[in-house]
Amino acid sequence: MSHSYKPINQSLLDGEAKRSRFGIPKHYLLLSASFLFNVLAFIVILRRSHDLTDVFSQRIFFGDSWYGGLDSVPSEAVKGDVERCASTHSQPASPPAPVNPWASLTASEIAQVETWLEASQQNLNLTQAGQSTASDNVIFLIEAYYPAKEDALAYLEDPIASPLPQKYARVTIHHGGWKEPIIKDYLVGPLPIDLNTSIRPLTEIYHRDDIPFNARGLAQLSDLSIFLAEAVGPMSYALEELFNGTVRGLPNDTLVGGMSGPFSFDGSFRRLWMTWRRNHAGSFLLPVNFYQYVDISGSDVSQWKVLKHVYHGQVFTSTESFLEAFNNGTLVRHPEQTDPNLDLSWTERKRVGPERDLDHLPGPRSVSFAGLRYKVDREQKYVSWMGWGMYLGFDRDMGLSFWDMRFRGEPFPQEAIAQYGGNDPMQATTAWLDRHFGMGSLVRDMIPYYDCPQEAIYLPATTYTILGKVQVDRAICIFEQDTGKPLSRHFGYEEGEFGAVKSYVLTVRSTTTFDYLFYLDGTIEVRLSASGYMQGGYWNPKQDGYGARIRETSMGNLHDHVINYKVDFDIAGTANSLLKTTTKQEEVNHPWLDDDWGQKVIQQKITKEYITNEDDALLKYPLNFQGGYAIVNQDATNSWGYPRGYAIHPGYNPIHNTVVGSKRLLNNANWARYNLAVSRRKETEPASSSMWNLHLPGAPMVDFHKFFDGENITQQDVVAWINLGMHHLPQAEDSPNTKTNIATSSFVLTPLNYFDYDVSMESRNAILLHAPENPGDPYTFDDNGVKQDFTCVPEPPSPFEYPQTPFFASDGTVGFANSPDNRRAAEMYFRVRMGT
């Protein structure tokens, strides 16, 4: 409210004005009445407000354009007759045990382990990774090592009587300084560090005793760049003339390198193909058709060398022979690549094209008007919702994992490959295994309002990198949404058969790629939705059949994506079996049928059998999906006599790898050959792969086929290894990035006779309609007291911001994700710049 005042006429003060019956000037009475009115209005506002902060809110002064902070407490003041919505902060959960046995190491615990390892008593002679070369001993990884299942379950069953499992750290050290360089995994513990802490080699989870040094990860950021700068330096003038591009080790270089894996077959060498690309946004789509085959074996950088050059299919066995051909004119050139006006803007993510009608308006968003219905224990990473409860874990290799998952109080992981094909040295030799790079360590903060809904709750994740410890505050997001269609419904005329149950789903998401969806009926959906730049190839007519042209000289190459999940079912206990169900056609004669149709009937029939030997449990889905597989407990039945279990259903794109027998995926990704597999659970088989498998296809550290050694899997503790993915046949619409609505795959785990009825009928968010007694009257209904038309004024969202992710080095210094070193660590072999 605003007021305007006029100057008081001095003559009124001199007695010339009319006075009231009490002898008081009228303007004094008006001022007094105005003051009293404002006081009364203030009291009314105060009585309807939670506190004075509502009265003096920013909205009064700044209007509806004001956006409160993330931690602002919503007001209960009314706007008209509509109240403020409840807070969108999650309520605290109540985990079954006070400590999460699968929790990641904290930053403090990582620092303690690092300091202990660097102490002279350990005799490890370690060098900080940031100041190291390949010939130094460096710590590559420090993370939690998960406890034995038996110990964890005992603790969760009775946290008071059973001890918390001892905590250990898994430590990986690159021993580049040894006479025979090698990599070793160790167990360090128990934690916290004290006089009882010790270190021992961790070998029982591998199929080889030692990890070859040539299978190592990226621990030194400058060795490769410096070597390549020296190797490519003599050719820089030729590259400038051939591609109108510069490679001088400067920030403004216009060409950048990229590499393909695997680098080795069995660890006896480390060689890779390198491609050159335009140094521009989306450089992955801008190759120039120039390649080197590089030997970077061992720890002695002086022995590294370039073995071969390939320019537009012309092969040269040395730098000298390439330059000789360039200088004497025998090199067949492609002058179109020297055009200074090449348009590279198409690889950027800037908005293009005409505007669409009403697209200037923000789209719809979900609001939990009555407050969030899930609970979160942030410290212990425990989440509960509508009968579901679960602990969350997070590690370098696999990222997000779930533990002790329960539904209605009952107890109830991964590797990825991408194998490419093409008619050039890069695409024909690429077979990535993402575990090598670390699906957890590559996690970055999700983009609020875009990667997750506006009211999502975020959880942090802490990982260790060669540059130090990093805590990503928005590594995981959690949100509940209405699916927009009922979970079940029926229209009918008899009393009790017309109604619907609303379908809500709780999503736990990591990196926008991995979704875990939980439904009211006990169903779990695991969904992968990928988006990003393809590893593009150089287009020419010889590439036809290996992909699709997406620009003048750029193409997307044919490849498969397969992702493997480990699912440890404990159906009413740990003793479980693998049930195979199929349907097939049969012909039967029914004597009661009359002659109109004849007595013969062709129909389906169900066949059930148990797979008893794990060697027979390397599986593909039945033809036409006529049947499927389930994990059941033969000793625990529902009320109708069926064994309780969970069925494994294919979802979107239930594929397995197409290529079998390639040397680059010979034995290091055997799991990708199947849709799913089931094996006996063992502590020595925690994962289907390892970070080292990428560079060891001929002799991997973990050979999945060796899990299957003829053991019985009837009423045993078993695990399922389930694949999802996609056959990526590129198309023009994949540029600049692939889309999540197309690049999607999933599998679904559903109760199979686990209950006696559809337990989603327990939901109060349901309606039962009753037919009207009189024609023309509306239906009456029972909504269980939950009013779907309830509304309120939601708290305004916070303004968008995206802070840099900090990295904490062991010496206490802080770096950020956009720093040159952190960028090199993140881009690894995909975008390699020359020089220091």
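Scope of this entry: the structure provided in the associated data block. (Residues numbered from 1 in each chain as written. Predicted model: local features only at pLDDT ≥ 70, side-chain atom pairs only at ≥ 80, totals over all residues. Heavy atoms only, no water.)

So, about the overall build of the chain. Each helix and strand counted, the chain has 10 helices and 40 strands in total. Counting the 836 residues in the chain, one finds 48% classified as buried. (Helix = DSSP H or I, 4+ residues; strand = E, 2+ residues; numbered from the N terminus. Buried < 20%, exposed > 50% of the residue type's maximum accessible area, 1.4 Å probe, protein only.)

The next point concerns helix H8 (residues 236-243). Ser 236, Ala 238, Leu 239, Leu 242 and Phe 243 are the residues of H8 that are buried. Down the axis of H8, the buried side of the element spans an arc of 155 degrees, and every buried residue falls inside it. Buried residues along H8 sit against helix H7 (223-232), strand S6 (255-260), strand S7 (271-278), strand S8 (287-295), strand S9 (305-311) and helix H9 (319-328). Backbone geometry just after H8 places Asn 244 at a positive phi near 50 degrees. (Arc of directions from axis to C-beta. Contact = heavy atoms within 4.5 Å.)

One open sheet accounts for four strands, arranged S20-S21-S37-S38; its pairing is antiparallel. Each edge of the open sheet carries a strand with a single partner, namely strand S20 (488-490) and strand S38 (780-782). Between one strand and the next, the sheet's axes are offset by a mean angle of 15 degrees, whatever the strand orientation. Two strands pair when backbone bridges link them, and strand S21 (residues 499-501) and strand S37 (residues 766-770) are joined in this way by three bridges, in the antiparallel orientation. From the neighbouring strand, Ala 500 faces S37, where its bridge partner is Ile 767. (Pairing = 2+ DSSP bridges. Axes fitted to C-alpha atoms, helices over the stretch in contact; angles between N-to-C directions.)

What follows concerns the environment of Ser 639. Structurally, the position occupied by Ser 639 is in the loop between strand S32 (627-637) and strand S33 (643-650). Each C-alpha atom, one on Ser 639 and one on Tyr 757, is 9.7 Å from the other, the two residues being 118 residues apart in sequence.

Let us now look at the state of the cysteines. Here the structure, examined in full by the defined rule, presents two disulfides. Residue pairing for Cys 85: its cysteine sulfur links by disulfide to Cys 792, the two sulfurs lying 1.9 Å apart. On the S-S bond that ties Cys 85 to Cys 792, the torsion sits near 100 degrees, and the link is right-handed. Neither residue differs from the other here; Cys 85 and Cys 792 are each classed as buried. Through a disulfide, Cys 452 is tied to Cys 477; the S-S separation comes to 2.1 Å. (Disulfide = S-S within 2.5 Å.)

For the rest of this paragraph, the subject is a nonpolar patch on the surface. A cluster of nonpolar side chains, Ile 447, Tyr 450, Phe 800 and Tyr 802, forms an exposed patch at the surface whose accessible area comes to about 450 Å². Here Phe 800 is to be found in the loop between S38 and strand S39 (806-808). A relative accessible area of 45% places Phe 800 in the partly exposed class. (Patch = residues over 30% accessible without salt bridge, like charges linked within 9 Å, V, L, I, M, F, W, Y side chains within 5 Å. Areas by Shrake-Rupley, 256 points an atom, 1.4 Å probe, with all protein chains shown as cover. Salt bridge = Lys/Arg side-chain N within 4 Å of Asp/Glu carboxyl O.)

Now for the sheet that holds strand S27 (residues 554-557). Spatially, three strands are ordered S25-S27-S26 in an open sheet, and the strand pairing comes out antiparallel. Of all strands in the sheet, those with a lone pairing partner are strand S25 (537-538) and strand S26 (547-549), marking the two edges. Note that S26 and S27 share three bridges and pair antiparallel. Residue pairing for S27: Arg 549 is matched across the bridge by Met 555.

Right, let's get into the pattern of salt bridges. Evaluation of the coordinates by the stated rule reveals 28 salt bridges. Where Arg 271 meets Asp 295, a salt bridge forms, and the shortest distance between an N and an O atom there is 3.0 Å. In this pair, Arg 271 is assigned in strand S7 and Asp 295 in strand S8, connecting sequence segments 24 residues apart. Exposure remark for Arg 271: the relative accessible area of 31% places this residue in the partly exposed category. Across the pair Arg 681 and Glu 683 runs a salt bridge whose closest N-O atoms are separated by 3.1 Å.

So, on to the pairing of S33. Counting buried residues in S33 gives six out of eight residues, a clear majority hidden from the surface. Bridging between S32 and S33 involves six bridges; their strand directions are antiparallel. Residue Tyr 629 lies in a different strand from S33, and its bridge partner there is Ile 648. The loop that links S32 with its antiparallel partner S33 comprises five residues; one of these, Gly 641, has a positive phi angle of about 90 degrees. Two strands pair when backbone bridges link them, and S33 and strand S36 (residues 744-752) are joined in this way by six bridges, in the antiparallel orientation. Looking at S36, one finds that His 649 is bridged to Val 748.

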